Amino acid sequence: MAAFSIDETERSPSPASRSSSTALAARALGSVPPTVLVLLGILSTQLGAALAKHLFGAVGGFGAVALRLFFAAAVLTGFWRPTLRMDRRAWTAVLGYGLVLGSMNLCFYQSLARIPLGIAVTTEFLGPLAVALAGSRRWLDALWAVLAGGGVLLLTEGGGKVDLVGVMFALGAGLFWGLYILMGAALGRHTSEGDGLALGMAVAALLAVPFGVVSGGTALLRPWVLAVGLGVALLSSVLPYSLDLEALRKIPPSVFGILMSLEPAVAALIGLMVLGESLGWSQWIAVLCVVVASVGATRGARPNT
């Protein structure tokens, strides 16, 4: 769920700065079309969210977040080996990014514990949509906002009762997702290679782990819980964030945003096929409304947003 722009002149590393493993990974990712990278990232994220639901009964939503971010931070820092020698602006961006990332995940997993995956992601998507619409004076963008708002209202109709607390957590996750986009842009400007992502993930893990320990206790150390937690981290954090970073080096943020607009629909399909979470017809229409509103808003966004 990374939706931010990257300045290639600042983000492109020199060959000498990479180890052989990171260079190999970069070449492999570089050979994949950017649209495929984004779509693979979306699919990976939602499969990871579906897998995380299996942890809720054992360690709770906070425990699942703690495992995801802890393992993601461990993998990313081990792979990138980020330098700690950064200026104050870079550290400010890293800290802000990590705190927002951790808060977004804590809210999202609390919503996921209460409502279906498709509803959680569709509601959460109001955050990046608001960022796309911010500052717009086009009357058509007002229409997209109304369409998205109507879509979210439809989510509470049909297909059984929807937990309003879960919806509120999803809205909170959406707020932090909007902030995450803005902080991600700063991270891209002030850090290089994967250093900012790795350090930001470590900050997010430091925020989430105490909540996870209180929620999950010693259950966090069960072998199967650790194995599933590692899988969630790879699917929901390491792989999609890395794919998004690479894709954003090749395509404009506006194109990236249009592709990301498919995420609510993918989440609803994954929830249905993997978790058996069926939505009512009005809720499927709601998902479609938010997707269409997001595509329309992203296409009309200013080039520098």
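Small disclaimer: the values here were computed from a predicted structure and weren't measured.

(A) View of the packing of aromatic side chains. Counting across every chain of the model gives eight aromatic pairs. Ring geometry for Phe 70 versus Phe 71: centroids 5.5 Å apart, planes at 70°, classification edge-to-face. With relative accessibility at 16%, the residue Phe 71 sits in the buried group. Judged by centre distance (6.3 Å) and plane angle (35°), the ring pair of Tyr 180 and Tyr 241 falls under tilted. You can see Tyr 180 sitting in helix α9 (residues 164-190) and its partner Tyr 241 sitting in helix α11 (residues 223-247), a full 61 residues away along the chain. On the basis of relative accessible area, Tyr 180 is assigned to the buried category, the value being 0%. In this structure Tyr 241 comes out as buried when scored by relative accessible area, which is 1%.

(B) How the structure looks around the environment of Glu 124. Within the secondary structure, Glu 124 sits in helix α6 (residues 117-124). Separated by 50 residues in sequence, Glu 124 and Gly 174 have C-alpha atoms that sit 4.0 Å apart.

(C) Just the pattern of salt bridges, in detail. One pass over the structure, following the stated rule, counts one salt bridge. For the salt bridge of Glu 277 with Lys 53, the shortest nitrogen-to-oxygen distance reads 2.5 Å. One end of the pair, Glu 277, is in the loop between α13 (263-275) and α14 (281-299); the other, Lys 53, is in the loop between α3 (34-52) and α4 (56-80), with 224 residues separating them in the sequence.

(D) How the structure looks around the packing of α4 against α11. Running from N to C, α4 and α11 cross one another at 60°; their axes reach a closest spacing of 7 Å. In terms of orientation, α4 lies oblique with respect to α11. α11 is crossed by α4, and the crossing has right-handed handedness. The class makeup of the residues in the contact of α4 with α11 is 17 nonpolar, four polar and one charged.

(E) Just the packing of α4 against helix α5 (residues 88-112), in detail. At a minimum axis distance of 9 Å, the contact between α4 and α5 shows a crossing angle of 160°. The orientation of α4 with respect to α5, classified from their angle, is roughly antiparallel. Remark: the crossing between α4 and α5 carries right-handed chirality. Residues Phe 56, Gly 61, Phe 62, Ala 64, Val 65, Arg 68 and Leu 69 of α4 touch α5, and the partners they reach there are Gly 102, Asn 105, Leu 106, Tyr 109, Gln 110 and Leu 112. Grouping the constituent residues of the contact of α4 with α5 by class yields eight nonpolar, four polar and one charged.

(F) Looking closely at unusual backbone geometry. Phi angles above zero are rare outside glycine, and Arg 81 is one such case at about 45°. Among the structural elements, Arg 81 can be located in the loop between α4 and α5. On the accessibility criterion, Arg 81 (69% relative accessible area) is exposed.

(G) Summary view of the side chain of Ser 261. Relative to the elements of secondary structure, Ser 261 occurs in the loop between α12 (253-260) and α13. Looking at Ser 261, the relative accessible area reads 0%, which means it is buried. Of note is the side chain of Ser 261, whose polar atom sits 2.7 Å from the side chain of Ser 294.

(H) Representation of a nonpolar patch on the surface within the structure. On the surface, Leu 43, Leu 47, Leu 269, Leu 272, Met 273, Val 274 and Trp 284 cluster together into a nonpolar patch covering about 600 Å² of accessible area. Of all the secondary-structure elements, those providing two or more residues to the nonpolar patch are α3 and α13. With four residues, α13 is the single largest residue contributor to the nonpolar patch. Relative to the assigned elements, Trp 284 resides in helix α14. Among the residues examined, Trp 284 registers a relative accessible area of 30% and is labelled partly exposed.

So, how was this worked out
Residues numbered from 1 in each chain as written. Predicted model: local features only at pLDDT ≥ 70, side-chain atom pairs only at ≥ 80, totals over all residues. Heavy atoms only, no water. Phe/Tyr/Trp six-rings, centres within 6.5 Å; stacked < 30°, edge-to-face > 60°. Buried < 20%, exposed > 50% of the residue type's maximum accessible area, 1.4 Å probe, protein only. Helix = DSSP H or I, 4+ residues; strand = E, 2+ residues; numbered from the N terminus. Salt bridge = Lys/Arg side-chain N within 4 Å of Asp/Glu carboxyl O. Axes fitted to C-alpha atoms, helices over the stretch in contact; angles between N-to-C directions. Parallel < 35°, antiparallel > 145°, perpendicular 65-115°, else oblique. Left-handed = near helix turned anticlockwise from the far one by under 90°. Nonpolar A, V, L, I, M, F, W, Y, C, P; charged D, E, K, R; others polar. Contact = heavy atoms within 4.5 Å. Polar contact = N/O pair within 3.5 Å; in protein donor to acceptor, adjacent residues only side chain to side chain. Patch = residues over 30% accessible without salt bridge, like charges linked within 9 Å, V, L, I, M, F, W, Y side chains within 5 Å. Areas by Shrake-Rupley, 256 points an atom, 1.4 Å probe, with all protein chains shown as cover.

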